[in-house]
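If you want the building blocks of each chain, they are given just below.
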Amino acid sequence: MLSVGDGDTIRVKDGKGNRVTIRLACIDAPETSQGNSGQWATKTLKGLIKGKSISLKPQTKDRYGRTVAEVYSGTTNINLQMIRLGAAYPYRKYLGQCDRAAYLSAEAAASKRSIGVWGPYRPNQKPWDYRRSRRNR
């Protein structure tokens with residue numbers, strides 16, 4: 001693993017040494033520019049994968065050419081862990097390739113516990129609404 005871009009994007013090197021940007025599948029984390037919530041999401045993702053060996057379960061490429069994948073550290077699904085910790089939301093629009101029930105259940109549990117984006121790091125807008133409002137300026 002090379003670096004963490006934000007709460008749902010990492011950069012890795014492939015088998016040939018090329019830099020590849022990975023968009024974590026089925027989740028949407030607050031943008032870094034969304035202040036404390038975005039910074040916390042990025043820090044949380046770094047904590048989950050820093051210094052660990054990771055593997056990918058690729059699903060597709062997005063419109064920016066990034067590989068969209070579920071990321072694993074051992075048997076731990078990092079994408080799902082981000083939801084459990086309240087560091088991201090299930091990206092309902094793109095849950096088709098993931099275990100929808102597990103992602104929504106993890107979100108409900110985080111919300112009930114008022115952690116992360118459901119508590120002290122609640123952003124003023126969901127990330128998808130925030131990006132849309134920035135595009136429409």
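The rules we used
- Residues numbered from 1 in each chain as written.
- Predicted model: local features only at pLDDT ≥ 70, side-chain atom pairs only at ≥ 80, totals over all residues.
- Heavy atoms only, no water.
- Helix = DSSP H or I, 4+ residues; strand = E, 2+ residues; numbered from the N terminus.
- Rg over C-alpha atoms; globule rule 2.2 N^0.38 Å.
- Buried < 20%, exposed > 50% of the residue type's maximum accessible area, 1.4 Å probe, protein only.
- Contact = heavy atoms within 4.5 Å.
- Areas by Shrake-Rupley, 256 points an atom, 1.4 Å probe, with all protein chains shown as cover.
- Lys, Arg positive; Asp, Glu negative; His and termini not counted.
- Charge placed at Lys NZ, Arg CZ, Asp CG, Glu CD.
- Pairing = 2+ DSSP bridges.

What the protein chain contains, in helices and strands, is 4 helices and 8 strands. In the protein chain, the succession of helices and strands from N to C terminus is β-β-β-β-α-β-β-β-α-β-α-α. The C-alpha radius of gyration of the protein chain comes to 14 Å, within 12% of the 14 Å expected for a compact globule of 137 residues. A buried classification covers 45% of the 137 residues belonging to the protein chain. For the protein chain, the share of sequence-separated contacts (at least 6 apart) that also reach a separation of at least 24 residues comes to 57%. As displayed, the protein chain has an accessible area near 7,600 Å², and 47% of this comes from carbon and sulfur atoms. If you average the places of the 26 positive and of the 10 negative side-chain charges in the protein chain, the two averages end up 3 Å apart.

Before going further, it helps to spend a moment on the pairing of strand β2 (residues 9-13). Inspection of the sheet shows strand β1 (residues 3-6) paired to β2 by 3 bridges, in the antiparallel sense. Directly across from Asp-6, in β2, lies its bridge partner Thr-9. Taken together, β1 and the strand that follows it, β2, pair antiparallel across an intervening segment of 2 residues. As paired strands, β2 and strand β3 (residues 19-24) are joined by 5 bridges and run antiparallel to one another. Paired with Thr-9 across the bridge in β3 is Arg-23. Counted between consecutive antiparallel strands, the loop separating β2 from β3 contains 5 residues, among which Gly-17 sits at a positive phi close to 85°.

This brings us to the pairing of strand β5 (residues 55-61). Note on strand geometry: in a regular strand, side chains alternate between the two faces of the sheet. Bridge count between β5 and strand β6 (residues 67-73): 6 bridges; the pairing is antiparallel. In the strand pairing of β6, Lys-61 is matched with Thr-67. Between the antiparallel neighbours β5 and β6 lie 5 residues, among them Gly-65 with a positive phi of about 85°.

For the rest of this paragraph, the subject is the environment of Ser-53. Checked against the element boundaries, Ser-53 lands in the loop between α1 (36-49) and β5. Its relative accessible area of 63% is what places Ser-53 among the exposed residues. Measuring from C-alpha to C-alpha, the distance between Ser-53 and Gly-74 comes to 7.6 Å, with 21 residues separating the pair along the chain. The residues contacting Ser-53, other than those within four sequence positions of it, are Tyr-72, Ser-73 and Gly-74.

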